[in-house]
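Residue strings, one per chain:
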Amino acid sequence: MKYVRVKTDKGARYGILKKGFIQLMENTPFDSSPILIDEAIRSEDAVLLPPAPFSKAVCIGLNYRDHAIEFGLPIPESPVVFLKPSTAAAAPESAIIYPSMCHRLDYEAELAVVIRKKAKNVSMEDALSYVLGYTIANDVTARDLQPKNGQWTIAKGFDTFMPLGPYISDEVDGSSLMITSRVNGETKQMSNTSNLIFSIPYLVSYLSHVMTLLPGDVISTGTPGGISGMQPGDRVEIEIEGLGILANTIISEH
Ligand code: MG
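Quick caveat, the model's predicted, so the values are computed rather than measured.

Draft legend 1. Spotlight on the overall build of the protein. Counting its secondary structure elements, the protein contains 3 helices and 20 strands. A compact globule built from 254 residues would reach a C-alpha radius of gyration of about 18 Å, and the protein, at 17 Å, matches this within 12%. Looking at the protein as a whole, 53% of its 254 residues are labelled buried. In the protein, 71% of the contacts between residues at least 6 apart in sequence involve partners at least 24 apart. Counting only carbon and sulfur atoms, one obtains 53% of the accessible surface of the protein, whose full area is about 11100 Å².

Draft legend 2. Fine view of the packing of aromatic side chains. One pass over the structure, following the stated rule, counts 5 aromatic pairs. Where Tyr202 meets Tyr206, the ring centres are 5.7 Å apart and the plane angle is 10 degrees; that geometry is what we call stacked. Taken as a pair, Tyr202 and Tyr206 lie in helix H3 (residues 200-208) at a separation of 4 residues, close to a single helical turn. Here the basic side chain of Lys117 rests over the ring of Tyr130, its NZ or CZ set 4.8 Å away from the ring centre.

Draft legend 3. Structural detail: the nonpolar core. Counting residues in hydrophobic clusters, the biggest one holds 30 residues, and the most contacted among them are Tyr134, Val204, Leu213, Ile219 and Leu243. Those elements giving two or more residues to this core turn out to be strand E6 (57-61), strand E11 (109-115), strand E12 (131-138), H3 and strand E19 (235-240). Beyond its immediate chain neighbours, meaning those up to four positions away, Val204 contacts Val113, Val122, Ala127, Val131, Leu213 and Ile219. Counting 19 residues, the second largest nonpolar core, distinct from the first, contains Phe82, Ala88, Ala112 and Ile168.

Draft legend 4. Summary view of unusual backbone geometry. Looking along the chain, the bond that leaves Gly165 and enters Pro166 is cis, with omega of 5 degrees. Locating Pro166 in the fold gives a position in strand E14 (residues 162-169). In the Ramachandran plot, Thr160 falls in the positive-phi region, its phi being about 75 degrees despite a non-glycine side chain. Relative to the helices and strands, Thr160 resides in the loop between helix H2 (153-156) and E14.

Draft legend 5. Structural view of the environment of Ile154. As for its placement among the helices and strands, Ile154 is situated in helix H2. Judged by relative accessible area, Ile154 falls into the partly exposed class, the value being 42%. Apart from residues lying up to four places away in sequence, Ile154 is in contact with Leu145 and Asn149.

Draft legend 6. Expanded view of the pattern of salt bridges. According to the stated counting rule, one finds 16 salt bridges in the structure shown. Across the pair Asp45 and Arg42 runs a salt bridge whose closest N-O atoms are separated by 3.0 Å. The exposure class assigned to Arg42 is partly exposed, which follows from its relative accessible area of 48%. The shortest N-O distance in the salt bridge between Asp106 and Arg104 comes to 2.5 Å. Asp106 sits in the buried class, given a relative accessible area of 0%. Judged by relative accessible area, which is 33%, Arg104 ranks as partly exposed. Through salt bridges with shared partners, a single network forms among Lys84, Arg104, Asp106, Glu108, Asp139, Arg143 and Lys156.

Definitions and cut-offs
Residues numbered from 1 in each chain as written. Predicted model: local features only at pLDDT ≥ 70, side-chain atom pairs only at ≥ 80, totals over all residues. Heavy atoms only, no water. Helix = DSSP H or I, 4+ residues; strand = E, 2+ residues; numbered from the N terminus. Rg over C-alpha atoms; globule rule 2.2 N^0.38 Å. Buried < 20%, exposed > 50% of the residue type's maximum accessible area, 1.4 Å probe, protein only. Contact = heavy atoms within 4.5 Å. Areas by Shrake-Rupley, 256 points an atom, 1.4 Å probe, with all protein chains shown as cover. Phe/Tyr/Trp six-rings, centres within 6.5 Å; stacked < 30°, edge-to-face > 60°. Lys NZ or Arg CZ within 6 Å of the ring centre and 35° of its normal. Core = buried A, V, L, I, M, F, W, Y, C linked by side-chain atoms within 4.5 Å. Salt bridge = Lys/Arg side-chain N within 4 Å of Asp/Glu carboxyl O.

The structure is reproduced here in C-alpha cells:
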C-alpha cells in the first residue's frame, strides 16, 4: 500500500494512492487496518501533506561509509543521533526557507522509516513489525552553523528543514534501495541503502531502548556522500527506488 496524507475541506485525511487517484480513508494507517470511504480525489488535484505527522524525527548522522569519508571522520562505533522538531516538517512541493542567519544551505537525501505502533525496548528480530513503511526525507542543514554549535539542533532544526514524502510505502525492502538527489536536474548523490553502517532493525531496536517511539514518528537513516549547497530558486529532488520523488524549492527568508 502507498499511503498519502492530503489536505481536504475537513482537514488532513489519509488516503491510499492508486493509479491516477487517491482513495480516502476514514482512519489512519497507524490503526489496525485501513477503512476506506467512498470518496476519491484525482492525484493531480491533491495537495499533499507530510505523510508522517511525527512527534519527533530521530535522525542518524554519518550512517553511510562514503559520507563519513567525505568529512574525514572515522566510521562511528555507535550511531550519531539528533532530533528534529515537529515544526521542521515540510510537505512535498512546498518551499524550504533559506534562513537569513545561514550562509550555506545543504540538502541531505535520506530514507525515512515510519513507526506504525508504540515501540519501547523492542528486539532487532521484532523491530520491523513496528514499522509501517518507508518514505523520503530531506535532512536540510545550515552547514555553516553546524560546527559553531556543540550540537546540531540549530543547524538542522529550522522550520521547513524536514521535507517528507510524497507517500509512505509498505511495499519495499528498506535494506536495498537506490537513493539519488538532484539539484536543478543535476545528480548530486547516488548510493544504495545497502551501504548503511547501522541497519534499520538495529536503529529501531537501539532507539526504542532510549525513547518510546510513537505512531508516526520518523527515523531518518542518514545521507550518502555528495552533499553540497543550494540557493534560493533551486529545485531539489530526492528519489528513492519504489518511493517516488520528493521535490521542493528553496526560497529566501526575506
Ligand atoms: Mg542527515
